[in-house]
Amino acid sequence: MRLTKLICLFAVPAFLLVSSCARQESKFSVPVAYHKLDNGLKVALSQDKTAPTVVVAVYYNIGFRIEPKDRTGFAHLFEHMMFQGSANLGKMEFIRLVQENGGVLNGSTRFDFTNYFEILPAHKLETALWAEADRMRGLAITQDNLTNQQGVVKNEVKVNVINQPYGGFPWLDMPQYANENWFNSHNFYGDLNDLDAATLEDVQSFFLTYYAPNNAAVAIVGDFEPVEALALVKKYFGDLPSAERQEPADISEPRQENEKKFNKTDKLANRPALAFAYHMPERNSPEYYAMGLLDQILVQGEDSKLHQALVKKAGLTGGVNGGINLLGNMFNYNGPMLWTASLFHDSNVTADSIMAVVDEVIEEVRTNQVDQKTLKRALVKMRSGLYDDLGGFFGAGRADLLASFALFDDNPARINSLEDEFRKVTAELILQTAQEHLRPGNRTVLELKAGS
Amino acid sequence: MQNRVILVFFCLSLVLSGTSALAQKETPPEGGEPKDFTLPQKQSFVLNNGLKATLVPYGVLPKVYVRIIVRVGNVNEAADEVWLADLTGDLMKEGTQSLGAEEVAQQAAAMGGEVNISVGQDRTNISGDVLSESGPDLVKLLGNIIQNPLLPESEVERLKTDMVRQLSIEKTQPQSIALEKFRKVLYADHPYGRVFPTEEMLKKYTHDRVAAFYKANFGAARTQVFISGRFDARKMESAVRQTFRDWDAGPEAITKTPSPKSERVIYLIDRPGAAQSTLYIGLPVIDPSHEDYVSLQVTNSLLGGSFTSRITSNIREDKGYTYSPYSQVSSRYRDAYWLQVADVTTGVTGPSLREIFYEIDRLQDEPPSAAELNGIQNYLAGTFVLRNSSRTGIVGQLAFLDLHGLDDSYLTEYVKNVHAVTPAEVRETGRKYIRDDEMTIVIAGDKEKIYRQISNYGRVVE
C-alpha cells in the first residue's frame, strides 16, 4: 500500500496517475538524506523537482529563550547583525547577492533557534552556500552597523508592539505570564534599554558561543542532485572550526498546580480581549500528538468546538484564534510550550462569562471521549496542514522541519513519521491528555483591558 | 575556538583597513546552468450560462485548491452600503438551503480544509484548499454555497455586532486610519474611497438588504472557477459542469471606473503620544492594462519595492529610521496608485520625508546604473518564477489576468519585458508617473512633536 503511494507520488508525473490513486486516502512522504560533517555541521537534503528553485536554510541552535539575562532581545538583535557584513560580503551585499540572483530571503528568531534562509533559482545553490558559509565563518561589522540595527530593531518593536493596539497580545505577553522560569518568561523582543546597551563585544561573544557549525544545521530543499549538493556543503563549510559546546541551560517549567489570572491595560485598544493558555505535554510524547489533535478539535477552523460555542452559539466574539507555539508551529520548538487561544470581545461582556463558556467546552473533552467522527475530522485537518508544511512555501516549510528535527532530535527523517504518530492517537488518549493538560490548574488567563 | 577568535578580529580589521583589503575579497560563485521554467499548462472551458472555469494541474502534494471568483465587491456598494458586500459574504457562510452552517463547516473540515469567503474591492472569493480526493466534493460544496445560500435572518444581528467590533478595532490601528484617509483623498465619492463604514451605517443593515445585494450581484455570467494542484481533471471538470450548469446567468458585471485625484498636500491625523509616525505617500498611476505597466513595476522595485531598493536602503539600512518600509503599485479594475508606506520614529518624521523625496528626485534626475537595474530585473524574473510555483500563486496570477482583461502574453512575455526596460526608461517612468509634486501625504502621528518637522514638505491639513 505504502509503496504504491510512493511510486504514485514520485516515480511518475503525478497527474498521469491521480485517477488510479485518487480514490485511496492520500498520503505524502518526502526523500531525506542526512549527513554530519567532521566539524559537527548537520546537513539535511530533500530533493523536490516541482519547480526549478532551491531553498537553503541555515538554522542555529540558539533561540531567544537562552539569551543573556541582562540583554533581553539580544538573540533577535543579533539575527539582524548577520546581515550586516562578513569577510567577503559587506553590509547589504548578502541581501543584494540573493536578490540580484532572483531570490528572496529572510531570517527570524524563535524560541529555540535562529534561522536564515534563501529561496533561489535552482542553479544558484552554490552561490547561496558560499554566502551562508562566509557569514558562519565570521562577521565583519562596525559600531555604525550595530547602531543602525539597534535603530531598526527598536522601530520593529514600536511598529509591532508599542505603537500598535493589541501589539504583542497574546504571542509576546502570554509566555511572560504563564511561565515561571526566566528563560521562558522574559520579554523576547527586548527592553529598549537592553537593546541600547548592546555592544560590539556582546555581538562578538554571542557569535563565538553559538554561531559554530556544531551548533547549526543546513537544510536544502528543491531541484538539485544530493551528491553534488553535499560536495558543495563540504567545500564551503567543511573547514569551519567547531566551538566548545555550551552546557544546556535548564529551561524546564515546574508543573503548574493553580490557575493564574492576570490583566494588562492597553491604552491604544478600545475593545477588551481575552487569552488563555495551558502548558503542553512533553514534546514528542504520545500526549503531545494527542494535544495536536485536541488543538484541531478545539480551536482550528469553524467546525472547532470553541468556535462553535463562542462565536456561533453564544455570539460573544467574531472568531477565536489559537494554537501551539504562536511563533511557529507544534514541531519547530524544543522545550516547554503553551497551547494558547485568544479573542476580542465587547465591553458589556465580562471575561468571567466568556471563561464560563470556555470551561463548558473544555470540561466536555475532559469528561467524555470525543466521537469517532470528530477524531477523524481532526486527523484529516492535521494531515492536510502537515502536507503543506512538507511541501508549501517553495520548500521552506520542509526545510524548517528538516532543520528543526536535525537540531533537536538528530533525526530529520522524523518528518515522514509524523502522520503515523497522529494516526496512533485514540479517543481514550485524547481524554487522558485533556484530563491532565487541560486542568484548570494548568491554565493562565490574561485579560486585556481597553483604554487608559 | 582559538582559531575562530583570531579569524573574527581579522575580519574586523579587514573592514577597517579600507579599500586595499576589499580588493582581496572573494567573488561569489556564479552557480550552474539555469534550468528551464515553463508556466504550468492550463485547461479552460465556458458553460452555457457564461461561467468560466480554468484547471491547472500543479505539483506533487496531494492537495487541490479551488477558488471561485465572482465579480462583485465593495465597488458595487452605494454610499450608505459600505461593507454590505462583506456582510453578504459573512452571511453566505451561515448555511445553504440544504445544509446548516455547522454542517458546512464540518464537511469542509472533513475534506481537510475550510470555506473561506473574502470580499475585496472588485471581487468576492469563495475558496477552499483540501486533500486531493475531496476535490469534486469541494466544488459541490462551494457551488452550493454560492448558488443556494440560506442567508438566515437569525444570524444577521450577531454578524453585525461582530462587524461593529471589527470596525472599532481596525480604526485604532494607525495604518488603517492612514489608508482610509489616503483613499478618501484620492477617490472622494467613488466606492474605492470608502474604506470604512460608520457604526450607524452598519446598524441599519437588514436581512432584506443583504438578500437584495446578493440577488443583484451574483450569477454565473460574472463568475470564474479556478482549480489548481493535484487532481483528476476529468472528475473535476465534470463536478464543475454538474454543479453550475443550472445556475442562472444573472446580472452582467457592473464596472465603475474612478477618476482619482491627488495634489501635494499633507493630511495630518493626530495621535498624541504616538511612538512612530505612519506615513502613506502616493498618487494615482497607470493600471495593469497600460503598456508602461511593466516598466512602472521595475521602477517601483528599484525605488522602494524591494529590500535592496533605494528608499529601504536609505531610511532603514543607512539611517535606522524605520523597520518595514515598502512601496507598491496597488491595482483595481482600470485603476492603480503608487504608494510608499513607512512607520518611522516620531523624532525623525521630517528627516524621513526628506530622504524619501530625495530618492524620488534622484530617480528622476539620473538613470540608474546598468548594474543596479539588472539586479532588480533579475529579482523580478526570479520572483516571477516563485509567484507561478504554488497552487495558490498560479491561481492568483491567472485571476489577475482575468480581472484586468490581459491575455496570456502578459505572463509568457513578462520576463522578457522586464529585461527590456532600459536605465533611461526607468528615469522617464519616474518622471512620468512618480511625480512628487502631486503626491498626497498622509501622516498619522503625534501632531505636537511632528508639526514643525513636516510643514516644509507641503500644505498641512488636519
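Source: prediction; values computed, not measured.

1. Quick word on the domain arrangement of chain B
All names here are of chain B.
Okay, step 1: On domain assignment, one finds that chain B holds domain 1 (43-244) and domain 2 (265-461).
Okay, step 2: Centre-to-centre, using C-alpha coordinates, domain 1 lies 30 Å away from domain 2.
Okay, step 3: If you look at the interface, domain 1 gives 32 residues, while domain 2 gives 32 residues.
Okay, step 4: Approximately 2700 Å² of surface area, both sides summed, lies buried where domain 1 meets domain 2, with 69% of it carried by carbon and sulfur atoms.
Okay, step 5: A per-residue breakdown of the area domain 1 buries against domain 2 is headed by Tyr58, Phe182 and Phe226, which together make up 21% of the total.
Okay, step 6: Linking domain 1 to domain 2 there are 2 salt bridges.
Okay, step 7: Of the charged contacts in the structure, one is a salt bridge between Lys52 and Asp402, with a shortest N-O distance of 3.1 Å.
Okay, step 8: Applying the counting criterion to the domain 1 and domain 2 interface returns 11 residue pairs in polar contact (both at pLDDT 80 or more).
Okay, step 9: Listed by contribution, the elements that provide at least two residues to the side of domain 1 that touches domain 2 are strand 2 (52-57), strand 3 (63-70), helix 7 (174-187) and strand 6 (223-229).
Okay, step 10: The biggest single contributor to the side of domain 1 that touches domain 2 is helix 7, with 11 residues.
Okay, step 11: Here the side of domain 1 that touches domain 2 is composed, by residue class, of 16 nonpolar, 7 polar and 9 charged.

2. Thoughts on the nonpolar core
General note: in soluble globular proteins, nonpolar side chains tend to be found buried as a group.
Okay, step 1: Ranked by size, the top nonpolar core spans 142 residues in total, and within it Phe78(A), Leu129(A), Tyr211(A), Ile220(A), Phe237(A), Trp339(A) and Leu438(A) carry the most contacts.
Okay, step 2: Top contributing element to this core by residue count: helix 16 (residues 396-409) of chain A, with 9 residues.
Okay, step 3: Residues in contact with Phe237(A), not counting those within four places in the same chain, are Leu37(A), Asn39(A), Leu41(A), Leu129(A), Glu132(A), Ala133(A), Met136(A) and Val218(A).
Okay, step 4: Counting 57 residues, the second-largest nonpolar core is a separate cluster that includes Ile266(B), Ile281(B), Val395(B) and Ile441(B).

3. Observations regarding the interface of chain A and chain B
Interface extent is often summarised as the accessible area lost during association of the parts.
Okay, step 1: On the side of chain B, 91 residues touch chain A, which itself brings 102 residues to the contact.
Okay, step 2: Here chain A meets chain B over a buried area of about 8100 Å², counting both sides, of which 58% is carbon and sulfur.
Okay, step 3: It is Gln99(A), His123(A) and Asn163(A) in chain A that bury the most area against chain B; as a group they hold 8% of the surface buried on that side.
Okay, step 4: Notably, a salt bridge pairs Asp346(A) with Arg165(B), separated by 2.9 Å at the nearest N-O pair.
Okay, step 5: Counting the contacts that link chain A with chain B gives 35 residue pairs in polar contact (both at pLDDT 80 or more).
Okay, step 6: Breaking the side of chain A that touches chain B down by element, the ones donating at least two residues are helix 1 (2-11), helix 2 (14-21), helix 4 (93-100), helix 5 (125-137), helix 6 (143-162), helix 10 (200-210), helix 13 (305-313) and helix 15 (372-391) of chain A.
Okay, step 7: Along the lines of polarity and charge, the residues of the side of chain A that touches chain B split into 43 nonpolar, 35 polar and 24 charged.

4. Regarding helix 14 (residues 351-367) of chain A
Residue and element names in this part refer to chain A.
Okay, step 1: Taking 1.5 Å per residue, 17 residues should reach 24 Å; helix 14 reaches 24 Å between its end C-alpha atoms and fits that length.
Okay, step 2: Taken together, the buried positions of helix 14 are occupied by Ala351, Ile354, Met355, Val357, Val358, Val361, Ile362, Val365 and Arg366.
Okay, step 3: Among the structural elements, strand 8 (273-279), helix 12 (286-298), helix 13, strand 10 (338-344), helix 18 (427-437) and strand 11 (443-450) are those in contact with the buried residues of helix 14.

5. Topic: the domain arrangement of chain A
Residues and elements named next belong to chain A.
Okay, step 1: The domain boundaries assigned to chain A delineate domain 1 (1-28), domain 2 (33-237) and domain 3 (260-450).
Okay, step 2: Contacts between the two partners involve 5 residues from domain 1, matched on the other side by 8 residues from domain 3.
Okay, step 3: A buried area of about 600 Å², summed over both sides, lies between domain 1 and domain 3, and 40% of it is on carbon and sulfur atoms.
Okay, step 4: Looking at the side of domain 1 facing domain 3, the largest losses of area belong to Glu25, Lys27 and Phe28, adding up to 77% of the total buried there.
Okay, step 5: Our count for the contact surface shared by domain 1 and domain 3 stands at 1 salt bridge.
Okay, step 6: Here domain 1 and domain 3 share 1 residue pair in polar contact (both at pLDDT 80 or more) between them.

6. Section: the packing of aromatic side chains
All names here are of chain A.
Okay, step 1: Under the counting rule described, the total for this entry stands at 40 aromatic pairs over all chains.
Okay, step 2: Plain terms: the ring middles of Phe78 and Phe207 are 6.3 Å apart, the flat faces sit at 35° to each other, and that makes the pair tilted. Taken as a pair, Phe78 in helix 3 (residues 74-81) and Phe207 in helix 10 lie far apart in primary sequence, 129 residues in all. Assigned by exposure class, Phe78 and Phe207 land together as buried.
Okay, step 3: Feature note: the residues Tyr60, Phe74, Phe78, Phe83, Phe94, Tyr116, Phe206, Phe207, Tyr210 and Tyr211 constitute an aromatic cluster, connected by ring pairs.
Okay, step 4: Its end group placed over the ring of Phe405, Arg414 keeps NZ or CZ at 4.2 Å from the ring centre.

7. Points about the side chain of Arg383(A)
Okay, step 1: Looking at where Arg383(A) falls in the secondary structure, it is placed in helix 15.
Okay, step 2: Classification of Arg383(A) by relative accessible area gives buried; the value is 2%.
Okay, step 3: At a separation of 3.2 Å, a polar atom in the side chain of Arg383(A) contacts the side chain of Glu419(A).
Okay, step 4: Setting aside its immediate chain neighbours within four residues, Arg383(A) contacts Glu25(A), Ser26(A), Glu419(A), Arg423(A), Leu131(B) and Glu133(B).

8. Overview of the pairing of strand 10 (residues 335-345) of chain B
All names here are of chain B.
Okay, step 1: Counting buried residues in strand 10 gives 10 out of 11 residues, a clear majority hidden from the surface.
Okay, step 2: Sheet topology note: the strand 8 (residues 276-285)/strand 10 ladder contains 10 bridges and is antiparallel. Across the sheet, Gly282 pairs through a bridge with Leu339, a residue of strand 10.
Okay, step 3: Note: strand 9 (residues 326-332) against strand 10, 7 bridges, orientation antiparallel. If you follow Ser330 over to strand 10, its bridge partner there is Tyr337.
Okay, step 4: Connecting strand 9 to the antiparallel partner strand 10 that follows it, the hairpin turn spans 2 residues, and Arg334 within it adopts a positive phi of roughly 55°.

9. Remarks on the pairing of strand 5 (residues 114-121) of chain A
Residues and elements named next belong to chain A.
Okay, step 1: By the criterion of burial, strand 5 is predominantly enclosed, with 8 of the 8 residues buried.
Okay, step 2: With 6 bridges joining them, strand 4 (residues 104-109) and strand 5 adopt antiparallel strand pairing. Bridging from a neighbouring strand, Leu105 pairs with Glu118 of strand 5.
Okay, step 3: Taking the residues between adjacent antiparallel strands as the criterion, strand 4 and strand 5 are bridged by 4 residues.

10. Re helix 12 of chain A
Okay, step 1: Its 13 residues give helix 12 of chain A an end-to-end C-alpha distance of 18 Å, which sits within 8% of 18 Å, the value for a rise of 1.5 Å per residue.
Okay, step 2: In terms of burial, helix 12 of chain A is a largely internal element, 11 of the 13 residues being buried.

11. Describing the sheet that holds strand 6 (residues 216-222) of chain A
Residues and elements named next belong to chain A.
Okay, step 1: With mixed pairing, the 6 strands of this open sheet are ordered in space as 1-2-6-3-5-4. Of all the strands in the sheet, just strand 1 (33-36) and strand 4 have a single pairing partner and so form its edges. Neighbour to neighbour, the strand axes of the sheet diverge by 15° on average, direction disregarded.
Okay, step 2: Helix 4 rests against strand 4 and strand 5 of the sheet, and its axis sits at about 135° to strand 4.

12. Examining the packing of helix 12 (residues 310-318) of chain B against helix 13 (residues 349-365) of chain B
Residue and element names in this part refer to chain B.
Okay, step 1: Axis separation between helix 12 and helix 13 bottoms out at 10 Å; the angle between their running directions is 155°. When the axis of helix 12 is compared with that of helix 13, the two are roughly antiparallel. Crossing of helix 12 against helix 13: the hand is right-handed. For the pair helix 12 and helix 13, the contacting residues are Arg310, Ile311, Asn314 and Ile315 in the first and Ser352, Glu355, Ile356, Tyr358, Glu359, Arg362 and Leu363 in the second.
Okay, step 2: Split into classes, the residues belonging to the contact of helix 12 with helix 13 amount to 5 nonpolar, 2 polar and 4 charged.

13. Description of the pattern of salt bridges
Residues and elements named next belong to chain B.
Okay, step 1: A complete count under the given rule lists 70 salt bridges over all chains for this structure.
Okay, step 2: Residues Lys63 and Asp129 are paired through a salt bridge, measuring 3.6 Å at the closest nitrogen-oxygen approach. With Lys63 in strand 3 and Asp129 in strand 5 (residues 124-131), the pair connects residues that are 66 residues apart, well separated along the chain. Exposure class is identical for Lys63 and Asp129. Each is buried.

14. With respect to the sheet that holds strand 2 of chain B
Okay, step 1: One open sheet holds the 6 strands; their spatial order is 1-2-6-3-5-4 (chain B), and the pairing between them is mixed. Of all strands in the sheet, those bounded by a partner on one side alone are strand 1 (43-46) and strand 4 (116-119) of chain B. Between one strand axis and the next, the sheet turns by 15° as a mean value, whatever way the strands run.
Okay, step 2: One ladder, built from 8 bridges, connects strand 3 of chain B with strand 5 of chain B; its direction is antiparallel. Of the residues in strand 5 of chain B, the one forming a bridge with Tyr65(B) is Asp129(B).
Okay, step 3: Sitting on the sheet, helix 15 of chain A touches strand 3 and strand 5 of chain B, and the angle it makes with strand 5 of chain B is about 95°.

Conventions used here
- Residues numbered from 1 in each chain as written.
- Chains lettered and ligands numbered in written order.
- Predicted model: local features only at pLDDT ≥ 70, side-chain atom pairs only at ≥ 80, totals over all residues.
- Heavy atoms only, no water.
- Domains from an automatic or database assignment.
- Contact = heavy atoms within 4.5 Å.
- Buried area = accessible area lost by both parts, 1.4 Å probe.
- Salt bridge = Lys/Arg side-chain N within 4 Å of Asp/Glu carboxyl O.
- Polar contact = N/O pair within 3.5 Å; in protein donor to acceptor, adjacent residues only side chain to side chain.
- Helix = DSSP H or I, 4+ residues; strand = E, 2+ residues; numbered from the N terminus.
- Nonpolar A, V, L, I, M, F, W, Y, C, P; charged D, E, K, R; others polar.
- Core = buried A, V, L, I, M, F, W, Y, C linked by side-chain atoms within 4.5 Å.
- Buried < 20%, exposed > 50% of the residue type's maximum accessible area, 1.4 Å probe, protein only.
- Expected span 1.5 Å × (residues − 1).
- Phe/Tyr/Trp six-rings, centres within 6.5 Å; stacked < 30°, edge-to-face > 60°.
- Lys NZ or Arg CZ within 6 Å of the ring centre and 35° of its normal.
- Pairing = 2+ DSSP bridges.
- Axes fitted to C-alpha atoms, helices over the stretch in contact; angles between N-to-C directions.
- Parallel < 35°, antiparallel > 145°, perpendicular 65-115°, else oblique.
- Left-handed = near helix turned anticlockwise from the far one by under 90°.

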